[in-house]
Amino acid sequence: MDQNFQVIITGSNAALLSGELGTKLTGRHISMELFPFSFHEFCTFKKVEPTPKAVEQYLLTGGFPEYVKRGDSRILHTLFEDILLRDIAVRYGVRDIKSLQRVALYLISNIGKPVTANRMKSLFEVSATSTMMEYFSHLEMAYLFFFIPKFSYSVRKQLINPRKVYAIDTGLISENSTSFSKDRGHKFENLVFLHLRQNFKEIYYFNETGECDFVVFEKGNFREAIQVCIQLTPDNIDRELNGLFEALEFFKQTHGTLVTLSEKDSYKKNGKKISIVPAHEFFK
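Quick summary incoming for the structure in this document. (Residues numbered from 1 in each chain as written. Predicted model: local features only at pLDDT ≥ 70, side-chain atom pairs only at ≥ 80, totals over all residues. Heavy atoms only, no water.)

1. What to know about the sheet that holds strand β8 (residues 265–269)
Hydrogen bonds between backbone groups are what pair the strands of a sheet, and the pairing can be parallel or antiparallel. Just so we agree on the cut-off: Pairing between two strands is assigned when DSSP locates at least 2 bridges connecting them. Strands are runs of DSSP state E lasting at least two residues, helices are runs of H or I lasting at least four, and both sets are numbered from the N terminus onward. Axis lines are fitted to C-alpha atoms, over the contacting stretch for helices. Their N-to-C directions set the angle, which ranges from 0 to 180 degrees.
Read from one edge to the other, the open sheet built from 6 strands follows the order β4-β5-β6-β7-β9-β8, with strand pairing classed as mixed. Looking at which strands have only one partner, the edges of the open sheet turn out to be β4 (202–207) and β8. Each adjacent strand pair in this sheet contributes to an overall mean axis angle of 25°, direction not counted. Pairing geometry for β4 and strand β5 (residues 211–218), over 5 bridges, is antiparallel. Among the inter-strand pairings, F206 is bridged to a residue of β5, identified as C212.

Written as structure tokens, this is what we have:
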């Protein structure tokens with residue numbers, strides 16, 4: 001840098017970039033996050049129009065370029081194992097590799113569901129809750145999973161409440177999940193989360209009387225409330241709308257968004273409006 005060279009370093013581990021190099025280049029580096037293909041990058045690469053059908057293809061395939069190009073499932077199986085073994089186990093000196101692998105498989109098979117270190121400790125007979133919390137931290141630092149907290153104005157409550165887990169890529173879920181159901185709803189929710197995460201870091205889920213999938217903040221200021229439902233039906237529409245309306249009331253906002261696969265509509269209630277938008281439009 002003293003000789004006016006621009007140095008660009010990439011890697012899959014957040015600690016390597018922001019932590020270790022950061023201490024050596026304090027005040028002289030800028031960290032940037034790179035994600036797998038976004039939906040529109042995927043469409044550009046595949047040379048297809050952004051449509052609900054393209055969203056379904058993206059939902060199954062994900063955005064890792066080599067897999068999008070070749071479609072060989074071994075690529076995502078190997079990537080998943082390499083991150084666990086090389087980026088985490090070797091790097092952090094994890095001795096119980098089997099437990100780490102079992103935890104990762106459980107998480108990728110339960111995307112969009114709340115998890116706690118204490119419950120997982122009992123489930124996998126890990127010796128201490130702190131060990132499970134270390135696993136969670138390693139998995140997040142390696143950009144394999146994200147854990148989003150339940151919204152609360154109390155930082156303490158954010159720490160003790162269950163966190164929802166999401167994966168870095170829906171293709172990884174498709175190829176590595178051990179779930180017997182396809183669970184398209186939670187994978188679709190993961191897809192929306194990834195779109196939000198590429199633009200924001202302050203993302204929570206809201207759960208009081210009803211539930212809203214995502215509430216987004218930027219520098220502590222409310223940005224938007226988003227509900228996700230792959231397909232609205234007479235059985236779920238009231239629950240989805242009421243959870244979003246409750247979040248809008250809680251945050252004193254007038255507009256929310258409900259993302260679906262292909263439906264488009266709007267609902268108004270007590271001066272508040274919910275726009276139902278198809279994913280291919282929301283991902284703009």
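Structure's up, so let's keep going.
2. Examining a nonpolar patch on the surface
How we decide: For patch building, the residue pool is restricted to those with more than 30% relative accessible area and no salt bridge; the joining distance is 9 Å between like charges and 5 Å between nonpolar side chains (Val, Leu, Ile, Met, Phe, Trp, Tyr). To be clear on the numbers: accessible area is Shrake-Rupley with a 1.4 Å probe, and residue cover counts the displayed protein chains and nothing else. Salt bridge, as used here: a side-chain nitrogen of Lys or Arg that lies within 4 Å of a carboxyl oxygen of Asp or Glu. Buried means the residue's accessible area, taken with a 1.4 Å probe over protein chains only, is under 20% of the maximum for its type, while exposed means over 50%, and partly exposed covers the values in between.
On the surface, F5, V7 and I9 cluster together into a nonpolar patch covering about 340 Å² of accessible area. Relative to the assigned elements, V7 resides in the segment before α1 (14–24). Overall, the relative accessible area of 58% leaves V7 in the exposed class.

3. Considerations on the packing of helix α5 (residues 73–92) against helix α8 (residues 129–141)
How we decide: With respect to orientation, any angle under 35 degrees is reported as roughly parallel, any angle over 145 as roughly antiparallel, any angle of 65 to 115 as roughly perpendicular, and every other angle as oblique. For a crossing to be left-handed, the near helix must be turned anticlockwise from the far one by less than a right angle; the clockwise case is right-handed. Pairs of residues are marked as contacts when any of their non-hydrogen atoms sit within 4.5 Å.
Contact pair α5 / α8: the axes reach a minimum separation of 10 Å and the direction vectors enclose 130°. Between α5 and α8, the crossing angle belongs to the class labelled oblique. Between α5 and α8 the crossing geometry is right-handed. Judged by residue contacts, L84, I88 and Y92 of α5 engage H138, L139 and M141 from α8.

4. Some thoughts on the side chain of E189
Along the chain, E189 turns up in helix α11 (residues 184–197). Residue E189 is classed as buried on the basis of its relative accessible area of 6%. The residues contacting E189, other than those within four sequence positions of it, are G112, K164, Y166, D213, F214 and V228.

5. Section: the sheet that holds strand β2 (residues 145–148)
The 3 strands lie next to each other as β1-β3-β2, forming an open sheet whose pairing is antiparallel. Each edge of the open sheet carries a strand with a single partner, namely β1 (114–115) and β2. Bridge analysis of β2 against strand β3 (residues 163–167) gives 4 bridges, and the strand direction is antiparallel. Across the sheet, I148 pairs through a bridge with K164, a residue of β3. Here α8 sits on the sheet in contact with β1 and β2, set at roughly 120° to β2.

6. Comments concerning the packing of aromatic side chains
Just so we agree on the cut-off: Between 30 and 60 degrees the pair is tilted, below 30 it is stacked and above 60 it is edge-to-face, where a pair is any two Phe, Tyr or Trp rings, Trp via its six-membered ring, whose centres lie within 6.5 Å. Charge-over-ring placement is defined geometrically: NZ (Lys) or CZ (Arg) within 6 Å of the ring centre, and within 35 degrees of the ring normal.
Evaluation of the coordinates by the stated rule reveals 26 aromatic pairs. Their ring planes at 55° and their centres at 5.7 Å tell us that F39 and Y58 sit as a pair that is tilted. A residue pair is termed long-range when its members are at least 10 positions apart, and F39 in helix α2 (residues 39–46) and Y58 in helix α3 (residues 52–61) qualify at 19 residues. For the pair F39 and Y58, a shared accessibility class is recorded, and that class is buried. Members of the aromatic cluster, each reached through a chain of ring pairs, are F151, Y153, Y204, F206, F217, F222, F250 and F251. When the ring centre of Y92 is taken as origin, the NZ or CZ atom of R91, which lies over that ring, is 5.9 Å away. Residue placement shows K164 over the ring face of Y205; its charged tip is 5.1 Å from the ring centre.

7. Quick notes on the pattern of salt bridges
Taken as a whole and judged by the stated rule, the model has 12 salt bridges. A salt bridge links E211 to K164; its shortest N-O distance comes to 2.4 Å. Note that E211 is positioned in strand β5 and K164 in strand β3, a separation of 47 residues in sequence. A relative accessible area of 31% places E211 in the partly exposed class. For K164, a relative accessible area of 5% gives the class buried.

8. Here's the deal with α11
Counted only if it meets this: In a helix, the anticipated span is given by 1.5 Å times the number of residues less one.
Relative to the 20 Å expected for 14 residues at 1.5 Å per residue, α11 spans 20 Å between its end C-alpha atoms, a close match to the ideal helical length. Burial within α11 is extensive, with 11 of its 14 residues counted as buried. Turning to α11, its buried residues are K187, F188, E189, N190, L191, V192, F193, L194, H195, L196 and R197.

Read these as spatial facts, not as claims about activity.
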